[in-house]
Amino acid sequence: MWCAVLLLAVALERLAELLVSVRHTRWARERGGVEHGSGHYPAMVAVHTGLLIGMWAEVALAHRPFVPAVGWPALGIVVATQVVRWWCVRSLGPRWNTRVIVVPGLPLVERGPYRRLRHPNYLVVTLEGAALPLVHSAWLTALLFTVANALVLAVRLRVENAALEPSAS
């Protein structure tokens, strides 16, 4: 039951992200924003969807229990990643979305977590993707997501870094 509540909460948070992303995508396109590397986007969506479905399936089918010594710290990490994720969104403002869209002429954002890290949201995604399934001992989902996410992020980071170069925008 608690696993379903947690997954529903995460799914609703993802829906909120997508709604913000659609609004921000519109903002960027209205200002001449150019999308880069859209080919990897369906894979990224599939990996993130697979995280939620995989966790639900593994917990339900393999009867994964909540182990307090692992589950509570993992839940703490999940909650902390949500806070940092929305800090990233707020720091980027209308420039944040789930795609790689660069508005020409705008400087890199250097506030919030972007003062210290170039891509803090990807650290958040990596930590959350490993921790979320471990809340209910879904270690296989945590492992598979981590590997799949690393493959997607390898492409995503190349695309985003190239797009953010001054000559690209």
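Structure shown above.
Parameters and conventions
Residues numbered from 1 in each chain as written. Predicted model: local features only at pLDDT ≥ 70, side-chain atom pairs only at ≥ 80, totals over all residues. Heavy atoms only, no water. Helix = DSSP H or I, 4+ residues; strand = E, 2+ residues; numbered from the N terminus. Rg over C-alpha atoms; globule rule 2.2 N^0.38 Å. Buried < 20%, exposed > 50% of the residue type's maximum accessible area, 1.4 Å probe, protein only. Contact = heavy atoms within 4.5 Å. Areas by Shrake-Rupley, 256 points an atom, 1.4 Å probe, with all protein chains shown as cover. Lys, Arg positive; Asp, Glu negative; His and termini not counted. Charge placed at Lys NZ, Arg CZ, Asp CG, Glu CD. Axes fitted to C-alpha atoms, helices over the stretch in contact; angles between N-to-C directions. Parallel < 35°, antiparallel > 145°, perpendicular 65-115°, else oblique. Nonpolar A, V, L, I, M, F, W, Y, C, P; charged D, E, K, R; others polar. Phe/Tyr/Trp six-rings, centres within 6.5 Å; stacked < 30°, edge-to-face > 60°. Lys NZ or Arg CZ within 6 Å of the ring centre and 35° of its normal. Core = buried A, V, L, I, M, F, W, Y, C linked by side-chain atoms within 4.5 Å. Patch = residues over 30% accessible without salt bridge, like charges linked within 9 Å, V, L, I, M, F, W, Y side chains within 5 Å. Salt bridge = Lys/Arg side-chain N within 4 Å of Asp/Glu carboxyl O.

A. Representation of the overall build of the protein in the model. When helices and strands are tallied, the protein shows five helices and two strands. Sequence-ordered secondary structure for the protein, helices as α and strands as β, is α-β-α-α-β-α-α. Relative to the globule expectation of 15 Å for 169 residues, the C-alpha radius of gyration of the protein, 17 Å, shows essentially globular dimensions. Projected onto the principal axes, the alpha-carbon positions of the protein cover approximately 50 × 30 × 25 Å. Expressed as a percentage of the 169 residues in the protein, the buried residues total 41%. Look at the contacts in the protein between residues 6 or more apart in sequence, and 83% of them connect residues 24 or more apart. Here the protein displays about 9300 Å² of accessible surface, and carbon together with sulfur accounts for 71% of that area. Here the protein holds 16 positive side-chain charges and 9 negative ones, and the gap between their average locations is 4 Å.

B. The arrangement of unusual backbone geometry in detail. Backbone geometry places H63, a non-glycine residue, at a positive phi of 55°. Here H63 falls in the exposed class, since its relative accessible area comes to 63%.

C. Quick peek at the packing of helix α4 (residues 120–134) against helix α5 (residues 139–164). Following both chains from N to C, one finds α4 and α5 inclined at 170°, their axes separated by 8 Å at the closest point. By the angle class used here, α4 and α5 are roughly antiparallel. Across the interface between the two elements, Y122, V125, T126, G129, A130, P133 and L134 of α4 pack against W139, T141, A142, F145, T146, N149, L153, R156, L157 and E160 of α5. For the contact of α4 with α5, a count of residues per class yields ten nonpolar, five polar and two charged.

D. A look at the packing of aromatic side chains. According to the stated counting rule, one finds one aromatic pair in the structure shown. Where F66 meets W72, the ring centres are 5.2 Å apart and the plane angle is 80°; that geometry is what we call edge-to-face. Stacked on the ring of Y41, the Lys or Arg R99 has its end atom at 3.9 Å from the ring centre.

E. Looking closely at the nonpolar core. Among the nonpolar cores identified, the biggest contains 20 residues, and L6, M55 and L132 are the most heavily contacted of them. The dominant element in this core, judged by the number of residues it contributes, is helix α2 (residues 41–61), at seven residues. C88, V89, V109 and Y114 belong to the second largest nonpolar core, which has seven residues in total.

F. Up close: a nonpolar patch on the surface. A cluster of nonpolar side chains, contributed by W139, L140, L143, L144, V147 and L151, occupies part of the molecular surface with about 630 Å² of accessible area. With respect to the helices and strands, V147 occurs in helix α5. Classification of V147 by relative accessible area gives partly exposed; the value is 48%.

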